Amino acid sequence: MLPYEKLEKIAYGGDYNPEQWPEDIWEQDMALFHEAGIDIVTLNVFSWAALQKNETEYDFEKLDKIMKLVHDNGLKVCMATSTGAHPAWMAKKYPDILRVDYEGRKRKFGGRHNSCPNSPTYRKYAPLLARKLAQRYRDYDNIVAWHVSNEFGGECYCENCEKAFRVWLREKYKDIAHLNTAWNTSFWGHTFYEWDEIVLPDLRSEHFCGERTMFQGISIDYKRFMSDAILACYVLERDAIKEVLPNAAVTTNLMGFYKPLDYFKWAKEMDFVSWDNYPANEDSYTKIAMPHDLMRGIGGQEPFALMEQTPSAQNWQPYNALKRPNVMRLWSYQAVAHGADTVMFFQMRRSIGACEKYHGAVIDHAGTKNTRVYREVAALGRELSAIGNRFLGARTRSEIAVLMDWDNWWAIEYSAGPSCDLHYLDEISRYYDALREFNYSVDIISPDMDFAAYKVIIAPVFYMVKGDTDEKVRAFVKGGGRFLTTFFSGYVQENDLVVLGGYPGKLRDILGIWVEEEDALPQEAQNGFMYRGTEYPATLLCDLLHLEGAQQMDECGYMQDFYSGMPVLTKNAFGEGIAYYVATASSGAFYREFLKDICDEAHVAPLMHTPKGVEVTCREKDGKRWLFVLNHNEQAAEITVDAPAVDVITGNAVPAGTFLLQGRDVLILENSSAMQN
Ligand code: GLA
Ligand code: ZN
């Protein structure tokens, strides 16, 4: 949980690097922060080299000064541990800290996020620094949270990682015979007799052509292992802090749908989830919303921290377009609408050198408050102060869950066949987008989480069904739930070995179908089907399926090819519930129509009916509700509310009826009940 005992309002601020500046600038910063309503700074993100000169000598003098400065100026601190980039002296003296890349090249010193997660040097000195920081600053009550390292990620293929991988495998499989079975090593003569015959799967061994693998078993296990190894580094630092400060709120900044790290596992080790939101200007609002819902989901639907966003431009996109006027405000409220209880930026002051000198900042190179960006930041600061603590900690309630699973992601995208165009997140987006475009509240959860709160569960491309997850789905549907899954589901168990007897494997009885074959369509090809009198395209993959108790829902099956007439959409009454199957990929219009029908049948209602481009979410606390109405259009949109409410941003009463919400404007309606358009 976020440290609510130390927050009086939505925390507002961000990454602040005074160590890059002479001290006379610091006082200017303080004045500008104060005027903009900034109340929190993340300090010390990349100071390891400055803080530690060699194995034994540390120098906290500058950080002491900075801490005193921000404390005396009434700022809260999110204290980073600085371990996101190791010092040059350490790399020179202890090269085990340097990573080996996917192509087998030993890295030299440079960049950041560059330490080998299995390096004894890194595992010794990173937690040591975290502990020293906790000891030194333990009495500062303005430290509200601890921020371990920065954007953990990447991978390493060094010898230490290879040895650690073997240890990890030994713990998992115990006996090498079990490993041989799990990886199906009788294929291509891969039988292993000794653990040290196993090497890391990279471009020198099992991999080829970018990310492709010849042995899914080892490659998926390597992903799991690397995610665990990096997580272990986070845990070492967290525990070092907690030895000194048992009640510290510890986090690390995550990155939304970041493929290398299984964030469902990570979140279990974090006191609260925080993440960095860097959409591109052209992203749809549902695309920007989805990772927010994931970040809320990994933390069990608890509110999270928006740790970073740019106030204006980024520097690492090919074209670093400015956030248009009011977009920073709109996207800040969007984060809050989806569960964020902080609004924080990278960065507070734009640096003068290296690759982030043209990254947007609250204080620009001009150094004054006379900029568009500063004015927008200050205006939002005033609004957040006015909003105060009213919905801090407020929760989101959804009757629909979309399942997401990292193992499944890795397995689908390592699969050789059926289609190189099959991308897990695209398939999730098809369903998520359609639901959100209607303003249905959606949670994103893992298959391991509790299903009890949901009426509808959607599992796009539920390819890998691990352990007895099928039993969970079976119980959910039997008990009256509605479950939907798609093509390429139920094929394999947790080791990526095919479940024999016909697809979709263990889900077959629940869905009441048997999938015999699967046709991959090239991009230019498409089939079609009719649903409720409209023809929709069938693209990407087309299952050739047989009914085994399920009912066909489309009107005439596929419209072309040798499998024309075979069912595309099916529905199976199972126990008290219903299981749906969608045998192909289609257009947005189809998903909207189809999902609306399913939700109607399940008696799940959208939060509010709005014109296109107007997003609505809801948060609840202590019997109160807040509806967030976000107009993502440039133009004004007509909104209809059916009960009077108060907009907590302006304090204005909003009478029942229809009115215009300006382009890119936001309303937060307190205590309004159901609304209709
Ligand atoms: C990430 C990092 C920051 C900064 C920003 C720039 O989120 O955590 O240190 O580099 O990107 O967008
Ligand atoms: Zn390594």
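Since the structure is predicted, the reported quantities are computational estimates derived from the model, not experimental observations.

Quick notes on the sheet that holds strand β14 (residues 456-459)
Picture the strands of a sheet paired through backbone hydrogen bonds; they go either parallel or antiparallel. On the basis of which strands lie adjacent, the open sheet formed by 7 strands has the order β13-β12-β14-β15-β21-β20-β19 and mixed pairing. Every other strand in the sheet has two partners, leaving β13 (442-445) and β19 (551-552) as the edge strands with one partner each. In this sheet, strand β21 (residues 577-582) lies alongside strand β15 (residues 482-486) in parallel orientation, the contact comprising 5 bridges. Bridge pairing links Thr486 to Val582 in β21. Across the sheet, helix α14 (residues 424-437) lies against β12 (400-403), β13, β14, β15 and β21, angled at about 170° from β12, the strand it touches most.

Observations regarding empty space enclosed by the protein
Here the structure, examined in full by the defined rule, presents 7 cavities of 30 Å³ or more. Quantified by volume, the largest cavity comes out at close to 100 Å³. Looking at the lining of the largest cavity residue by residue, the classes come out as 4 nonpolar, 8 polar and 1 charged.

With respect to the site of ligand 1
Taken together, Phe46, Arg112, Asn150, Glu151, Asn253, Asp276, Tyr278, Glu308, Trp316, Phe346, Glu356 and His359 make up the full set of residues near ligand 1. For ligand 1, an oxygen atom lies 2.8 Å from a polar atom in the side chain of Arg112. Separating an oxygen atom of ligand 1 from a side-chain N or O atom of Glu356 is a distance of 2.2 Å. For ligand 1, whose free accessible area comes to 310 Å², the fraction covered by protein is 97%. The cavity where ligand 1 resides is the largest pocket. Partitioned by chemical class, the residues of the shell around ligand 1 number 4 nonpolar, 3 polar and 5 charged.

Quick look at the domain arrangement of the chain
What the domain assignment lists for the chain is domain 1 (159-220), domain 2 (400-601) and domain 3 (614-670). Here domain 1 and domain 2 have C-alpha centroids that lie 31 Å from each other. Residue-level contacts link 12 residues of domain 1 with 10 residues of domain 2. Roughly 840 Å² of surface becomes buried between domain 1 and domain 2 when both sides are summed, with 60% attributable to carbon and sulfur atoms. Of all residues in domain 1, the largest losses of buried area upon contact with domain 2 belong to Ala182, Gln216 and Ile220, amounting jointly to 58% of the total for that side. For the pair domain 1 and domain 2, the interface holds 0 salt bridges. Taken together, domain 1 and domain 2 are joined by 1 residue pair in polar contact (both at pLDDT 80 or more). Only α7 (176-183), β6 (212-213) and α8 (216-244) provide two or more residues apiece to the side of domain 1 that touches domain 2. In terms of residue count, α8 provides more of the side of domain 1 that touches domain 2 than any other element does, 4 residues in total. Partitioning the side of domain 1 that touches domain 2 into residue classes produces 3 nonpolar, 7 polar and 2 charged.

Comments concerning the environment of Ala232
Along the chain, Ala232 falls in helix α8. Separated by 114 residues in the primary sequence, Ala232 and Asn118 have C-alpha atoms spaced 9.1 Å apart.

Let's talk about the packing of aromatic side chains
A complete count under the given rule lists 48 aromatic pairs for this structure. Ring plane angle 50° and centroid distance 5.1 Å describe the contact between Phe165 and Phe225, whose orientation is recorded as tilted. Placement of the pair is Phe165 in helix α6 (residues 159-173) and Phe225 in helix α8, with a sequence separation of 60 residues. No difference in accessibility class separates Phe165 from Phe225, as the two residues are buried. Ring centres 6.1 Å apart and planes at 40° place the aromatic pair Tyr234 and Trp266 in the tilted group. A residue pair is termed long-range when its members are at least 10 positions apart, and Tyr234 in helix α8 and Trp266 in helix α9 (residues 263-267) qualify at 32 residues. With relative accessibility at 0%, the residue Trp266 sits in the buried group. Taking the ring centre of Trp21 as reference, the NZ or CZ of Arg349 above it sits at 5.2 Å. A cation over a ring is seen here: Lys472 above Phe451, with NZ or CZ 4.2 Å from the ring centre.

A look at the coordination of the zinc ion (ligand 2)
At this site the zinc ion (ligand 2) is bound by Cys116 (SG), Cys156 (SG), Cys158 (SG) and Cys161 (SG), with donor distances of 2.2 to 2.3 Å. Considering all 4 donor atoms around the zinc ion (ligand 2), angles at the metal cover 101 to 117° and the coordination shape is tetrahedral. Between the donor residues of the zinc ion (ligand 2), the gaps in sequence give the motif C-x39-C-x1-C-x2-C. Judged by its relative accessible area of 0%, Cys161 is buried.

Rules and cut-offs
Residues numbered from 1 in each chain as written. Chains lettered and ligands numbered in written order. Predicted model: local features only at pLDDT ≥ 70, side-chain atom pairs only at ≥ 80, totals over all residues. Heavy atoms only, no water. Pairing = 2+ DSSP bridges. Helix = DSSP H or I, 4+ residues; strand = E, 2+ residues; numbered from the N terminus. Contact = heavy atoms within 4.5 Å. Axes fitted to C-alpha atoms, helices over the stretch in contact; angles between N-to-C directions. 1 Å grid on protein atoms, 1.4 Å probe; cavity = no way out; pocket = protein on both sides within 12 Å on 5 of 7 lines; lining within 4 Å. Points joined across faces, edges and corners; volume = space filled by probe spheres on them. Nonpolar A, V, L, I, M, F, W, Y, C, P; charged D, E, K, R; others polar. Near = heavy atom within 4 Å. Polar contact = N/O pair within 3.5 Å; in protein donor to acceptor, adjacent residues only side chain to side chain. Areas by Shrake-Rupley, 256 points an atom, 1.4 Å probe, with all protein chains shown as cover. Sits in = over half its atoms within 2 Å of the grid points. Domains from an automatic or database assignment. Buried area = accessible area lost by both parts, 1.4 Å probe. Salt bridge = Lys/Arg side-chain N within 4 Å of Asp/Glu carboxyl O. Phe/Tyr/Trp six-rings, centres within 6.5 Å; stacked < 30°, edge-to-face > 60°. Buried < 20%, exposed > 50% of the residue type's maximum accessible area, 1.4 Å probe, protein only. Lys NZ or Arg CZ within 6 Å of the ring centre and 35° of its normal. Donors = N, O, S within 2.8 Å, 3.2 Å for Na, K, Ca; no water. Tetrahedral: all angles 85-135°; square planar, octahedral: opposite > 155°, others 65-115°.

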